[in-house]
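Chains, contacts and geometry: an overview
Now for the letters of each chain:
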Amino acid sequence: MEKAETKRRIETMKKMETMQCKECCRDISKEVYEKNNGYCNICYADREDIESEKKEFNKEKKSETQYIDSSNSSNIVAKKFKLVVKTIKIIGYVGAVIIAIMFMSIGDLWVLTGFLSGIAIAITTWFSTLLFEAIAEGLNLLQDIKNKL
Ligand SMILES: [Zn+2]
């Protein structure tokens, strides 16, 4: 007899178990929760509006992420150009010094030739990297313009 009473009590408690509406966090009974698919009675009536609003929100979020992605991909191109510039600079300037030293080591008559060829290579390097730097800058500028649109 007592056992049955306890059992019934547990049953009632289970029914009384409160859940929260997934929209407004209002306390609702588990029964209502399950019946309304997680919404309280008020939110359940508006659920279509809520769902469509959420879909809109997610859409906006998605397009925002794509926007960030596209700006990153262009920055990668600009970064690659800058890497090329760095590589050319290192090869060019180191090469200029090595060639100048090589000419100078041949003999006293070659010192001026070595010096001038070193300068010539350095200037060539500077001009060619300037072109690449201009392209990289141009890419960044285009990205800025695109971002502002
Ligand atoms: Zn609600």
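Fair warning: this is a prediction, and the values are worked out from it, not measured in the lab. Here, residues in each chain are numbered from 1, in the same order as that chain's written sequence. Only residues with pLDDT of 70 or above have their local features reported here, since the model is predicted, and side-chain atom pairs are shown and tallied only from 80 upward, although totals for entire chains, interfaces and linings are computed over all residues.

A look at the overall build of the chain
Stated formally: Helix numbering and strand numbering both begin at the N terminus, where a helix is a DSSP run of H or I of at least 4 residues and a strand a DSSP run of E of at least 2. Exposed residues have 12 or fewer other C-beta atoms within 10 Å of their own C-beta, buried residues have 20 or more, and residues in between are partly exposed; the C-beta atoms are placed from the backbone. Contact definition: two residues whose C-beta atoms, as placed from backbone geometry, lie within 7 Å.
Counting secondary structure elements, the chain contains five helices and two strands. Along the chain, from the amino end to the carboxyl end, the secondary structure elements read α-β-β-α-α-α-α. The 149 residues of the chain split such that 5% are buried. Put simply, 43% of the contacts in the chain that link residues at least 6 apart link residues at least 24 apart.

Details of the environment of S117
In this structure, S117 sits in helix α5 (residues 111-148). Taking the C-beta count within 10 Å as the criterion, S117 has 16 such neighbours and is therefore assigned partly exposed. Residues S117 and I99, 18 residues apart in the sequence, show an inter-C-alpha distance of 7.4 Å. Discounting residues that sit within four places of it in the chain, S117 has contacts with I99, A100 and F103.

Things to note about unusual backbone geometry
Peptide bonds are trans in most cases, and residues, glycine excluded, mostly fall at negative phi. Notably, C25 is not glycine yet its phi reads approximately 65 degrees, a positive angle. Assignment of secondary structure puts C25 in the loop between β1 (18-20) and β2 (27-29). For C25, a count of 10 C-beta atoms within 10 Å translates into the label exposed. One non-glycine residue, N37, lies in positive phi territory at about 65 degrees. By the element assignment, N37 lies in the loop between α2 (30-35) and α3 (41-45). Judged by C-beta crowding, with 9 C-beta atoms within 10 Å, N37 ranks as exposed.

Considerations on the confidence of the model for the chain
Using the following cut-off: Confidence scores here are pLDDT values: one per residue, from the predictor, ranging 0 to 100.
When pLDDT is averaged along the chain, the result is 84; 88% of the residues meet or exceed 70. Mean pLDDT across the elements of the chain ranges from a minimum in helix α1 (residues 2-16), with 73, to a maximum in β2, with 90.

Comments concerning the environment of L116
The residue L116 is located in helix α5 in this model. Judged by local crowding, L116 falls into the exposed class, with 12 C-beta atoms found within 10 Å. Separated by 20 residues in the primary sequence, L116 and A96 have C-alpha atoms spaced 9.7 Å apart.

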